[in-house]
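# Understanding the architecture of this molecule
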Amino acid sequence: MVDIVDRESAADEAAGAAPGRHGVPRLAVTAASLVVILVLWEILGRHINPIFGAPPSAIFAAFVDLVRNGKLAAALAQSLQPFVVGYGVAIAVGVPLGLIIGRFWVAEAALGILVTGGYAMPLVALVPLLILWFGLGFAVKAAVIFLMSIFPICINTWLGVKSVPKTLIDVGKSFVAPDAVILRRIVLPATLPYIMAGIRLAVGRAVVGMVIAEFFTQISGLGGIIINAANNFDTATMFVPIILLMVMAVGLNALIGRFERLVAPWQDEIAGRDRD
Amino acid sequence: MGEVNLVDVSKRFALRIEGELHTVRALDRLSFTVRDGEIVALIGPSGCGKTTALRIAMGLEAATSGAVTVDGVAVTGCGYDRGMVFQHAELLPWLTALQNVEFGLQMKGMRGTALHDTAMKYLTLVGLADSVKRRPYQLSGGMQQRVGIARALAIDPKVLLMDEPFGALDAQTRETLQAELLDIHARTQKTILFVTHDLDEAVLLADRVVVMQHGRLQEIVAVPLPRPRDDLAKIRGSAQFAQTRYHVWQALHAGAPTLH
C-alpha cells in the first residue's frame, strides 16, 4: 500500500517558506518586488512637486504623525464598524441566496437576473438615493458596503453550485437523502472553494464601498482623511489611508485563505494547487 | 430475497441536433431478471444503454415506459433495498473513508455507536480497517472503490448495483478487486447487477451475461463456471471460460455493423 499521506506533510512544510520551482522562497520574491517598487517610487517621488506625488519616506512621516495625534486610530475605528457590519451581512445573506439560486430553477429564473444586474449596478450614482433612505450616518455606510460586496459573494456561490458534479448529487439521491440534506451536506461543502473565492473578491469591493460611502455621505473615517488631505493638497497624508487600506485588504485576503484551508483542507489535495 | 425484474423498460429522450429535434431511444423494451443471490453482468458497446438501464433500476432516472421491480415491489425512486456503486467511487471528498460509509447509514436513520460499528464492520470487510481516517484523495483508486463498495453494502441492500465499478482502475488492481467482490458475494450472498464493457470481467464474475445492442437485449449468455470461483487465474485458462467468452464476444459482434 502506497502511503500517500507523505504528500500532505510535504505540502505543510511548503506552507511556511514555500520554496518555488528554483529553490527561491516565495516570500523573498514578493519582498524583492515590493522593495524595487518602493525604491523606484522614492527616487521619482523626490524629484517632483509634493502636490503631484509623495515619496514613501514622506508618506511614512505622515503616517507617524497620524498615529501620534490619534487621528488614524479614530478614523480606523470609525471605518471598520460599518465595514464589519456591511461585509458580514453580505456574507450571511449572499451565501444562502447563492445556494438557493443555484439549486432551484425557480429561484434562478426569478432572482438570477437581479443578481447579475445588481453586480453591474453603478452604486455611486445611487448614493444620493441611499442617503434619503438611510440618512448620513452609520446605516448608509453599512448599506453601501453591503451592496458592493453581496453580489460577488452571491454570484460565486451560485456558479459554485452549478459546478457541483452531478454524480455527487446522485450519491445523495441514491441514499434517499432529502433535498435539504443534499444542499447542506453535499452542495455546500462542494461549493466552499467558490464561496471563499467570492468572499475574497468581495473584500476589495467592500473597501471601495467603504471609501465611497465616506466620501459621499457624512465625511468620516479613513475616507475622510483622504478627502480632507486631498483638499489641502497634502498628498503624503492622503496616501496613508490608501496604503493602509490596501495592506489591510491583503491581510484580510490571507486570513480568509488560512480560514479556507481550515474549513476545506481537502481542497488542496484535489486541486494540487500552490499554497499562497 | 433480492430479485430484480426489468419488464419492457424503454427510455426515450429528445435531442436537438443542428436545430432538428430527434428522438433517441436509449432503451427499447428491455426485459431480464436477476435472480436472488445471482451475479448478472450487463455488457455492450458504449452508448448501448447499459448504464441507463442500471440508473433506472436504481431509481436515479425514470423509464419512459415499462417497469422495474425488486422482489415484486415497483421501483419509483431510490431506496435502501438497492445500493449503488459508482464508476469513480464518487466518495465525498471532504469526508474520511469512515464518514463516507457513515453517510449512507445516517441517511438510513442510524445513530450512535451502531453507526460507527456498522461502518467499521463493512470497511473491515473490504480490507480498509487501517485507513478509515483518510480522505478520498489520500487513498488510491482501488482503495476509493473499496470504500464505495463498503458504503453501498453497509445499508444492507437486497441488491448491489454497480456501474463499471472497476473500469477506471489499472489491470492489477482490477483483478484484485474482482477477486474481492467474488469473496464478498460468497460471504453476503447479495444479488449483484453490474455494468461493464470488459468481456473477461463479465464472464469471470457473472452467473449470466446480458448482452445489449442499441438499447435492446441481444442475448443472455449463461456462464457455466462453478462457484466458488477461488482461483481466477485457473478459471481464465479453462476451456469453459474461453468458450463462454467467445460466445459473449459473438453476441457482442452480432448486432454491430460489419465493415467492408
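Every chain begins its residue count from 1, and numbering advances along the sequence as written. Both sets of labels track the order of writing: A upward for chains, 1 upward for ligands. The model is predicted, so local features are restricted to residues of pLDDT at least 70 and side-chain atom pairs to those at 80 or more, both for listing and for counting; the totals for chains, interfaces and linings are taken over all residues.

### Description of the packing of helix α4 (residues 71-103) of chain A against helix α9 (residues 179-216) of chain A
Residues and elements named next belong to chain A. To keep things clear, this is the line we draw: Geometry is summarised by axes, namely lines fitted to C-alpha atoms with helices restricted to the contacting stretch, and by angles between N-to-C directions that run from 0 to 180 degrees. The numbering of helices and of strands both runs from the N terminus, where a helix is a DSSP run of H or I of at least 4 residues and a strand a run of E of at least 2. Take the far helix as the reference: if the near one is turned anticlockwise from it by less than a right angle, the crossing is left-handed, and if turned clockwise, right-handed. It is the C-beta atoms, placed from the backbone, that decide contacts: two residues are in contact if theirs lie within 7 Å. Classification convention: Asp, Glu, Lys, Arg as charged; Ala, Val, Leu, Ile, Met, Phe, Trp, Tyr, Cys, Pro as nonpolar; all other residues, Gly among them, as polar.
Across the interface, α4 lies against α9 with an axial gap of 8 Å and an inter-helix angle of 145 degrees. In the packing of α4 onto α9, the handedness of the crossing is right-handed. Every residue of α9 that contacts α4 at Ser79, Pro82, Phe83, Gly86, Tyr87, Ala90, Ile91, Val95, Leu99 and Arg103 is listed here: Leu183, Val187, Leu188, Thr191, Ile195, Ile199, Ala202, Ala206, Met210, Ala213 and Glu214. Classifying every residue of the contact of α4 with α9 by side-chain character gives 16 nonpolar, three polar and two charged.

### Description of the interface of chain A and chain B
On the chain B side, the residues contacting the 18 residues of chain A number 19 residues. Where the side of chain A that touches chain B is concerned, the elements lending two or more residues are α8 (166-174), α9 and α12 (266-271) of chain A. Top contributing element to the side of chain A that touches chain B by residue count: α8 of chain A, with six residues. Class assignment for the residues of the side of chain A that touches chain B results in 13 nonpolar, two polar and three charged.

### Looking at α9 of chain A
Put simply, the rule is: By definition here, a helix of n residues has an expected span of 1.5 Å times n minus one. Consider a residue and the seven residues that end there alongside the seven that start there; fitting an axis to each set, the bend is the angle between those axes.
A rise of 1.5 Å per residue sets the reference length of α9 of chain A, with its 38 residues, at 56 Å; its end C-alpha atoms lie only 45 Å apart and thus fall more than 12% short of the reference. The axis of α9 of chain A is deflected most strongly, by about 50 degrees, at Leu192 of chain A, and proline Pro193 of chain A appears within four residues downstream.

### Let's talk about the sheet that holds strand β2 (residues 20-34) of chain B
Residues and elements named next belong to chain B. What counts here: Strand pairing follows a simple DSSP-based rule, namely that at least 2 bridges must link the two strands.
A sheet is described by the order of its strands in space; here four strands give the open sequence β2-β1-β4-β5, paired in antiparallel fashion. Two strands in the sheet have a free side with no partner beyond their single neighbour: β2 and β5 (73-74). Bridging between strand β1 (residues 4-17) and β2 involves 11 bridges; their strand directions are antiparallel. Considered in β2, the bridge of Lys11 is made with Leu27. Across the face of the sheet, helix α1 (residues 50-58) comes into contact with β1, β2 and β4 (65-70) while running at roughly 120 degrees to β1.

### Quick word on the confidence of the model for chain A
Detailed conclusions should not be drawn from predicted coordinates in areas where pLDDT is low. Cut-off, in case you're wondering: On a range of 0 to 100, pLDDT expresses the predictor's confidence in each residue.
Taken over all residues, the pLDDT of chain A has a mean of 87, while the share at 70 or more is 89%. Predicted confidence is poor over residues 1-16 of chain A, with pLDDT under 50, and the contacts of this stretch with residues over four places away or in other chains come to seven contacts.

### Quick word on the sheet that holds strand β8 (residues 191-196) of chain B
Residues and elements named next belong to chain B. One open sheet holds the six strands; their spatial order is β6-β7-β8-β3-β9-β10, and the pairing between them is mixed. A single partner strand is all that each edge strand has here, and the edge strands are β6 (82-85) and β10 (216-222). Neighbour to neighbour, the strand axes of the sheet diverge by 20 degrees on average, direction disregarded. Note: strand β7 (residues 159-163) against β8, five bridges, orientation parallel. If you follow Leu160 over to β8, its bridge partner there is Ile192. Across the face of the sheet, helix α4 (residues 141-154) comes into contact with β6 and β7 while running at roughly 170 degrees to β6.

### Notes on helix α8 (residues 239-254) of chain B
All names here are of chain B. The following threshold applies: Neighbour density around each residue's C-beta defines its exposure: 20 or more other C-beta atoms within 10 Å make it buried, 12 or fewer make it exposed, and counts between make it partly exposed, where C-beta atoms are placed from the backbone. To be clear, the arc concerns the directions from the helix axis to the C-beta atoms.
Compared with an ideal rise of 1.5 Å per residue, which puts 16 residues at 22 Å, α8 spans 22 Å between its outermost C-alpha atoms and is within 8% of the ideal. Of all the positions in α8, only Phe241, Thr244, Val248, Ala251 and Leu252 are classed as buried. Across the axial projection of α8, the buried residues extend over an arc of 100 degrees, all falling on one side. Facing away from the buried side of α8 by over 90 degrees, the exposed positions are Ala239, Ala242, Gln243, Tyr246, Gln250 and Ala254.

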